[in-house]
Amino acid sequence: MAYQLYRNTTLGNSLQESLDELIQTQQITPQLALQVLLQFDKAINTALANRVRNRVNFKGSLNTYRFCDNVWTFVLNDVEFREVTDLVKVDKVKIVACDGKRQNPGALT
Amino acid sequence: MDQNNSIPPFQGLASPQGAMTPGMPIFSPMMPYGSGLTPQPVQNTNSLSILEEQQRQQQQQQQQAQQAQQANTGPGTSGQTPQLFHSQTVGGSTTTALPGSTSLYATPLTPMTPITPATPASESSGIVPQLQNIVSTVNLGCKLDLKTIALRARNAEYNPKRFAAVIMRIREPRTTALIFSSGKMVCTGAKSEEQSRLAARKYARVVQKLGFPAKFLDFKIQNMVGSCDVKFPIRLEGLVLTHQQFSSYEPELFPGLIYRMIKPRIVLLIFVSGKVVLTGAKVRGEIYEAFENIYPILKGFRKTT
């Protein structure tokens, strides 16, 4: 069971909205929508783990942090995201991070 | 010298497993002689060998015997001049007269006070140790749900698998708190007593705002750490030889000499550079007192090369 972390991303939210529309028009059942989301979790986790090669550096000042249930949540201010090609600056960024090395797959939601 | 030899010399001890500090000899409070609670500066030990120190002490003993008319009110001494004996005063810590100057004061009309400040070195050092860390505890007086606190408060960590407390930090005063489910809390990192209390109150207010009926019971400072610099290098090897009962020095384990002063009960880490760390105090005065006690001793072991 993979992290459901990526459902609240642009991609994940678009998928959820589309599924909600289909449910509204009775084209699929809610159960099927749930299965689709679970499949999405698996797919996005394996894709990011195996098919992503590029690297981004970021630097900013830490506003708050939290660690609970093995999930880190950071809020940074005045952050610069640097990739070799370009630079993006933001005033505020919230980072939610789960453990990368899977130790106890049963514990995941 | 018998008195010194009656104490078995400390052997190097293996440090307990995983310990960061070098192994410490278990110091027995049952001192065979006197009540060597406050360390005394031996003399100007610019001598290169123990032999010279022994000779100097024999000279002292002879001179003390000559002045036997004086009721030596130094406690625990009977005509002899042990290297270490108890002294209550801060100012007159140089109680053993220098061999060179004894002749000047060797008159029958020498004052009866046991403290003969032969040198002006008994004045204050002029250096004030700076407080670096205060550890305090307080009881919030109610059971706490740590997961709620970790989820709702800012700057909190909670990993029950590793440690059964929430670790919370605030920026002003810059401190860290360990908050336990029993309602007890430890506050570390403050630089003064008042800051420690203020920080603990701030943490209590955070917990209170989360909905717990937090109180502020039994605030107590548990430990204070100070540090300072005597501004000259120190001969640690000499110090451990003469103050065996209090010192532990194993350069292979730790580069600092660990001096366990008995009165006040403070542990000092003394380094070759002249930096001194003092810890174990419950009140600020103990740090200052310990430093004033150790300073004349350190001056006696100043490196001259």
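Residues numbered from 1 in each chain as written. Chains lettered and ligands numbered in written order. Predicted model: local features only at pLDDT ≥ 70, side-chain atom pairs only at ≥ 80, totals over all residues. Heavy atoms only, no water.

Draft legend 1. Fine view of the overall build of chain A. Looking only at helices and strands, one finds two helices and three strands in chain A. Helices and strands in chain A line up, N terminus first, as α-α-β-β-β. In chain A, which comprises 109 residues, the proportion classed as buried is 21%. Residue pairs at least 24 apart in sequence account for 40% of intrachain contacts in chain A once pairs closer than 6 positions are excluded. Taken as a whole, chain A presents about 8100 Å² of accessible surface, with 53% of it coming from carbon and sulfur. (Helix = DSSP H or I, 4+ residues; strand = E, 2+ residues; numbered from the N terminus. Buried < 20%, exposed > 50% of the residue type's maximum accessible area, 1.4 Å probe, protein only. Contact = heavy atoms within 4.5 Å. Areas by Shrake-Rupley, 256 points an atom, 1.4 Å probe, with all protein chains shown as cover.)

Draft legend 2. Representation of helix H1 (residues 10-24) of chain A. Helix length check: H1(A) (15 residues) gives 21 Å between terminal C-alpha atoms against 21 Å at 1.5 Å per residue, within 8%. A positive phi of about 60 degrees marks Gln26(A), the residue just after H1(A). (Expected span 1.5 Å × (residues − 1).)

Draft legend 3. The arrangement of the environment of Ser61(A) in detail. Residue and element names in this part refer to chain A. Looking at the secondary structure, you find Ser61 in strand E1 (residues 57-68). Given the relative accessible area of 38%, Ser61 is considered partly exposed. Placed 18 residues apart in sequence, Ser61 and Val79 show a C-alpha to C-alpha distance of 7.1 Å. Ser61 has contacts with Val75, Leu76 and Asn77, leaving out every residue within four places of it along the chain.

Draft legend 4. Expanded view of the interface of chain B and chain A. The interface of chain B with chain A comprises 15 residues on the first partner and 10 residues on the second. At the surface where chain B touches chain A, the tally comes to one salt bridge. Linking Lys147(B) and Asp69(A) is a salt bridge whose minimum nitrogen-to-oxygen distance equals 3.5 Å. Counting the contacts that link chain B with chain A gives 11 residue pairs in polar contact (both at pLDDT 80 or more). Where the side of chain B that touches chain A is concerned, the elements lending two or more residues are helix H4 (146-152), strand E2 (156-158) and strand E3 (165-170) of chain B. Sorting elements by how many residues they give to the side of chain B that touches chain A places H4(B) first, with four residues. Summarising the sheet, E1(A) and E2(B) pair through two bridges and their orientation is parallel. (Salt bridge = Lys/Arg side-chain N within 4 Å of Asp/Glu carboxyl O. Polar contact = N/O pair within 3.5 Å; in protein donor to acceptor, adjacent residues only side chain to side chain. Pairing = 2+ DSSP bridges.)

Draft legend 5. Layout of unusual backbone geometry. All names here are of chain B. Cis peptide bonds are those with omega within 30 degrees of zero, and the linkage from Glu172 to Pro173 qualifies with -5 degrees. Omega for the peptide link from Lys263 to Pro264 comes to 0 degrees, which places this bond in the cis form. Within the secondary structure layout, Pro264 lies in the loop between strand E8 (257-261) and strand E9 (266-270). One non-glycine residue, Asp218, lies in the positive phi region at around 55 degrees. Structurally, Asp218 is set in strand E6 (residues 217-229). The class for Asp218 is exposed, based on a relative accessible area of 62%.

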